[in-house]
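Commentary on secondary and tertiary structure
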Amino acid sequence: MPLKVPRNSMPTQEPQERINNFKEVALGYELEIAKKEAERCLQCKRPFCKEGCPVEVDIPEFIQALKEDDMQKAIDIIRTKNSLPAVCGRVCPQENQCEMKCVLSKKGEAVAIGRLERFVADWEAEHGRNTEEKIKSNGKKVAIVGAGPAGLTCAGDLAKMGYEVTVFEALHTPGGVLMYGIPEFRLPKAVVKREIEYIESLGVKFENNSVVGKLYDIEELFELGFQSIFIGTGAGLPYFMNIPGENLNGVYSANEFLTRTNLMSAYDFPNSSTPIKVGKKVAIVGAGNVAIDAARTALRLGAEESYIVYRRSRAEMPARLEEIEHAEEEGVKFLLLTSPIKINDDGTGTVKSMTCIRYELGEPDQSGRRSPVAIENSEFTMEIDNIIMAIGQGPNPLIPSSTPNLQTNQKGNIVTLNEDGLTSIEGVYAGGDIVTGAATVILAMGAGKKAARAIDKYLTKQS
Amino acid sequence: MYKIMKKEALGENIVLFEILAPQLAKKAQAGQFVIVRIAEKGERIPLTIADYNREEGTITIIFQEVGRTTKDMSLLHEGDNILDLVGPLGEPTQIANYGTVVCIGGGVGIAPVYPIARELKAAGNKVISIIGARCENLLFWPEKMAEVSDELLIATDDGSVGEKGFVTDIFKKVMKRENIEQVWAIGPMVMMKAVAELTRPEKIKTIVSLNPIMVDGTGMCGCCRVQVGEETKFACVDGPEFDAHLVDFDLASRRLAYYKEEEKRALEQKTCNNGGGCKCH
């Protein structure tokens, strides 16, 4: 197969059409395209792509099965390692992981591994799951705290090993950031629900509306007969800038803005009873994936202008390139090297405008990115209706504050003693954003996977 | 699902539910709240816990029908289920033996004041309670409040029960005759602010419980932020109780009113399928 065969592009909804709906933007490969893309895989003897996957999916093997038109085999191969393939195929930053390691990327374009994973997962959704995992219970109970990507992965892996797993979730539905954070147009909630149903089919029980740290504490979970506990409670505390006017009406955290829209379906108000207010001009402060999600959501909720306000330049924007491009196609505007210093009141307690300052790039900072330096006398004020803060999130405090012997760092993240996620309490493991600070779905899943393996080792040794 | 074991009409548009939730009842403490959702497309609303019965495994909530969700909720009966009930959320009241304390409850604010007064009494405080409402029809639990107080005083705007006037009118008199260590005031924002202004010059520590708009109730969204002194606090995880002398009540009132138009729209849509306002059912 010549290296020159170009990567097959992903069909998408047209920008003008999609900004008027919440339907998925990327439509997915058709069978023929998927097979054509699979043909591009060289089936390397030493597949570097696998090394790039935090959950160790057997990539060449599933692509080979796809090539041979054996979709059932392809999905079974993926499922042995990954309980959430339809999610990963959509939201993983493959360009920094498996696809970055793909040998084809050295001289041209990588195999579209993520798109193929999505194709296979969607094939299963369409045709129904035919393979039943043969699980023999070992009678041991494990509690998982938080039903986000880390917890779901840990739960799925442990269930496959025979553990009796219960997941405690604070919200009324499992999924964590997959449900409340990532918008419908990037990750349809029906897809997330299917993945959760799969995990339930493995025998995992979900206890929704259960805030561990309040309804139960860690000690009580042990008393209830759980022999090991995994904490994956995520980065659930939004940061604000601490500038004047930040508590005015019309200022949202990205978490609130996205939760109202995604989890609570505020776009369907008043049929759905949670409201949201979006004016004509919306500014999102920050330039990560969450910021881009909020900017694109604002357009779909009726904003005429949606701005990404970011104090560094385009090159430093942390969001995925694909997301930035999609946002640009939809008309999101980028106000770079700019940051608000003050939010102004319209006299009734609601946002009227924001005063910003311009920046230029100076020397690289600790993160290696050139750090922004404020330009003197560069202040300007722009009229704005809503401001959405998407400048990151800290760890949720509920478990650390109710678990005195659980060691945390200065920021409040749980300290883990090794790669496996073991915490300062015997039998208690942690992983995902609660340990690392806000990162990606797939890194959290990788941590859940490692912890599942470590919990298995720990409980096997004990008996 | 959480079963409604008892429903009671406490007054005009004021409803009490006892809900079966044994683990929640076991952990609930005075000052904490729950989040309730009653339908698949329903919103999540915070309600302070008015009581808990650990033996029977129930918690009590009291609400006034003001918006669409509380109106829909008032249509539920004994034996029906609440779809989602989360808690106990927030930090509990700091109960200690302070000496003489005053517990002020206005309107539905009487509900969260009750367990606080009870626990303060049990801790050995001299508890003077003042409860008030617009009229007798809106005033509830005078007997229960009397049981947990050394002295109970009542005010109504129209004088239909107790003294005619506001709770603050009575409180002013109590301030003159008693050596008060600490005050709890829960009720409408204007009432809490008025109490705070009375105790500020006397430097009497005053605690208010705020009930801002919330979504998740676990610190994740930041919708419930309140200005407390120089700091922004999240009522759901840092509160709901705060030092009344530091709370920016005006800001809190404006934030509470942010979705007023939407609330009206939701209510109109609900009460009439023909566009609203015709009172057809």
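What counts, and at which threshold
- Residues numbered from 1 in each chain as written.
- Chains lettered and ligands numbered in written order.
- Predicted model: local features only at pLDDT ≥ 70, side-chain atom pairs only at ≥ 80, totals over all residues.
- Heavy atoms only, no water.
- Helix = DSSP H or I, 4+ residues; strand = E, 2+ residues; numbered from the N terminus.
- Rg over C-alpha atoms; globule rule 2.2 N^0.38 Å.
- Buried < 20%, exposed > 50% of the residue type's maximum accessible area, 1.4 Å probe, protein only.
- Contact = heavy atoms within 4.5 Å.
- Areas by Shrake-Rupley, 256 points an atom, 1.4 Å probe, with all protein chains shown as cover.
- Pairing = 2+ DSSP bridges.
- Domains from an automatic or database assignment.
- Buried area = accessible area lost by both parts, 1.4 Å probe.
- Salt bridge = Lys/Arg side-chain N within 4 Å of Asp/Glu carboxyl O.
- Polar contact = N/O pair within 3.5 Å; in protein donor to acceptor, adjacent residues only side chain to side chain.
- Axes fitted to C-alpha atoms, helices over the stretch in contact; angles between N-to-C directions.
- Left-handed = near helix turned anticlockwise from the far one by under 90°.
- Nonpolar A, V, L, I, M, F, W, Y, C, P; charged D, E, K, R; others polar.
- Arc of directions from axis to C-beta.
- Phe/Tyr/Trp six-rings, centres within 6.5 Å; stacked < 30°, edge-to-face > 60°.
- Lys NZ or Arg CZ within 6 Å of the ring centre and 35° of its normal.
- pLDDT = per-residue confidence, 0-100.
- Expected span 1.5 Å × (residues − 1).

With that settled, consider the overall build of chain A. Summing up its helical and strand segments, chain A has 19 helices and 16 strands in all. Here the C-alpha atoms of chain A give a radius of gyration of 23 Å, agreeing with the 23 Å that 2.2 N^0.38 yields for 463 residues. A principal-axis box enclosing the C-alpha atoms of chain A has dimensions of 65 × 60 × 50 Å. Here chain A holds 463 residues, and the buried ones make up 59% of them. Sequence separation of at least 24 residues holds for 69% of the intrachain contacts in chain A that already meet a minimum separation of 6. Accessible surface for chain A amounts to roughly 18,700 Å². Of this, 50% is attributable to carbon and sulfur atoms.

A separate point is the pairing of strand β1 (residues 2-11) of chain B. All names here are of chain B. In terms of strand pairing, β1 meets strand β6 (residues 81-82) through two bridges, oriented antiparallel. Residue pairing for β6: Tyr2 is matched across the bridge by Ile82. Across six bridges, the pairing between β1 and strand β2 (residues 14-20) is antiparallel. What sits directly across from Ile4, in β2, is Ile19. Taking the residues that link successive antiparallel strands as the turn, the β1-β2 hairpin has two residues, and the phi of Asn13 there is positive, at about 60°.

This paragraph deals with the domain arrangement of chain B. All names here are of chain B. Taken domain by domain, chain B holds domain 1 (2-89), domain 2 (93-207) and domain 3 (210-263). Summarising the inter-unit geometry, the C-alpha centres of domain 1 and domain 2 are found 23 Å apart. At the interface, 16 residues of domain 1 touch 15 residues of domain 2. Together, the buried faces of domain 1 and domain 2 total about 1,200 Å²; carbon and sulfur atoms form 62% of this surface. Counting across the domain 1 and domain 2 interface gives two salt bridges. The partner of Asp51 in a salt bridge is Lys144, and the shortest N-O contact between them spans 3.3 Å. The tally of links from domain 1 across to domain 2 stands at four residue pairs in polar contact (both at pLDDT 80 or more). For the side of domain 1 that touches domain 2, the secondary-structure elements that each account for two or more residues are β1, β2, β4 (45-53) and β5 (58-64).

Looking now at the pairing of strand β14 (residues 225-228) of chain B. When a strand is regular, its side chains alternate between the sheet's two faces. Residue and element names in this part refer to chain B. As paired strands, β14 and strand β15 (residues 231-234) are joined by four bridges and run antiparallel to one another. Bridge pairing in β15 places Gln227 opposite Thr232. Taking the residues between adjacent antiparallel strands as the criterion, β14 and β15 are bridged by two residues, where Gly229 takes a positive phi near 60°.

The next thing to look at is the packing of helix α10 (residues 149-160) of chain A against helix α19 (residues 441-462) of chain A. Residues and elements named next belong to chain A. Relative to each other, α10 and α19 sit at 35°, their axes nearing to 7 Å. The chirality of how α10 crosses α19 is right-handed. The segment α10 lies against α19, with Pro149, Ala150, Thr153, Cys154, Asp157 and Leu158 engaging Val441, Ala444, Met445, Gly448, Lys449, Ala451, Ala452, Ile455 and Asp456. Class assignment for the residues of the contact of α10 with α19 results in 10 nonpolar, two polar and three charged.

Moving on to the environment of Glu304(A). All names here are of chain A. With respect to the helices and strands, Glu304 occurs in the loop between α15 (289-300) and β8 (305-310). A relative accessible area of 56% places Glu304 in the exposed class. Separated by 27 residues in the primary sequence, Glu304 and Gly331 have C-alpha atoms spaced 9.3 Å apart.

At the interface, 44 residues of chain A touch 46 residues of chain B. Taken together, the two surfaces of chain A and chain B that pack against each other cover about 3,900 Å², and 52% of this comes from carbon and sulfur. Contact with chain B buries surface across chain A, with Lys214(A), Asn247(A) and Lys277(A) losing the most and accounting together for 19% of the total. For the interface between chain A and chain B, the tally reads five salt bridges. Across the pair Glu220(A) and Lys27(B) runs a salt bridge, and its minimum N-O distance is 2.6 Å. For the interface between chain A and chain B, the tally reads 26 residue pairs in polar contact (both at pLDDT 80 or more). Only β5 (237-238), β6 (251-253) and α14 (254-261) of chain A provide two or more residues apiece to the side of chain A that touches chain B.

Here we take up the sheet that holds strand β3 (residues 205-207) of chain A. All names here are of chain A. As summarised here, the arrangement of the five strands in space is β3-β2-β1-β4-β16, forming an open sheet in which the pairing is parallel. On the outer flanks of this sheet lie β3 and β16 (428-430), each paired with one strand and no other. Within the sheet, the average angular offset between the axes of one strand and its neighbour, ignoring direction, is 20°. Against the sheet, α10 contacts β1 (141-145), β2 (164-168), β3 and β4 (228-231), and its axis sits at roughly 165° relative to β1.

Residue and element names in this part refer to chain B. Residues Phe249, Leu251, Ala252 and Arg255 constitute the buried set of helix α8 (residues 249-256). The arc enclosing the buried residues of α8, seen along the axis, measures out at 160°, which places them on a common side. On its buried face, α8 sits against α6 (189-199), β13 (205-209) and β14.

The subject of this paragraph is the packing of aromatic side chains. Using the criterion set out here, one finds 12 aromatic pairs over all chains in the structure. Both rings, one in Phe17(B) and one in Phe63(B), keep their centres 5.2 Å apart while their planes meet at 65°; by these two values the pair is edge-to-face. A residue pair is termed long-range when its members are at least 10 positions apart, and Phe17(B) in strand β2 and Phe63(B) in strand β5 qualify at 46 residues. No difference in accessibility class separates Phe17(B) from Phe63(B), as the two residues are buried. Aromatic rings pair up to connect Phe22(A), Phe185(A) and Tyr267(A) into one cluster. In this arrangement the basic side chain of Arg118(B) is found over the ring face of Tyr52(B), its NZ or CZ atom lying 5.2 Å from the centre. Taking NZ or CZ as reference, Lys144(B) lies 4.1 Å from the ring centre of Trp141(B), over its face.

A few words now on the confidence of the model for chain B. All names here are of chain B. This prediction gives chain B a mean pLDDT of 92; 96% of its residues lie at or above 70. Per-residue pLDDT stays below 50 along residues 272-281; that stretch engages in nine contacts with residues further than four places along the chain or on separate chains. This prediction of the complex comes with two scores: 0.92 for pTM and 0.91 for ipTM.

Mapped onto the fold, Arg134(B) is located in the loop between β9 (126-133) and α4 (142-147). Taking the C-alpha atoms as reference points, Arg134(B) and Gly159(B), separated by 25 residues in sequence, lie 8.6 Å from one another.

On to the environment of Val441(A), then. Residues and elements named next belong to chain A. For Val441, the location among the structural elements is in helix α19. Using a relative accessible area of 12% as the deciding quantity, one classes Val441 as buried. Each C-alpha atom, one on Val441 and one on Ala112, is 19 Å from the other, the two residues being 329 residues apart in sequence. Residues within four places of Val441 in sequence aside, it is in contact with Val87, Val91, Pro149, Val177, Leu178 and Ile182.

Residues and elements named next belong to chain A. Taking 1.5 Å per residue, 12 residues should reach 16 Å; α10 reaches 17 Å between its end C-alpha atoms and fits that length. The buried fraction of α10 is high, at 11 of 12 residues. Taken residue by residue, α10 has Pro149, Ala150, Gly151, Leu152, Thr153, Cys154, Ala155, Gly156, Asp157, Leu158 and Ala159 as its buried positions. Gly162 occupies a position one or two residues after α10 and carries a positive phi of about 110°.

All names here are of chain B. The sheet built from seven strands is open, its strands ordered β6-β1-β2-β5-β4-β3-β7 with antiparallel pairing. At either margin of the open sheet sits one strand with a lone partner, and together these are β6 and β7 (84-89). As defined by bridge partners, strand β3 (residues 33-37) adjoins β4 across four bridges and the pair is classed as antiparallel. Bridging from a neighbouring strand, Ile35 pairs with Pro46 of β4. Across the sheet, helix α3 (residues 110-122) lies against β4 and β5, angled at about 40° from β4, the strand it touches most.

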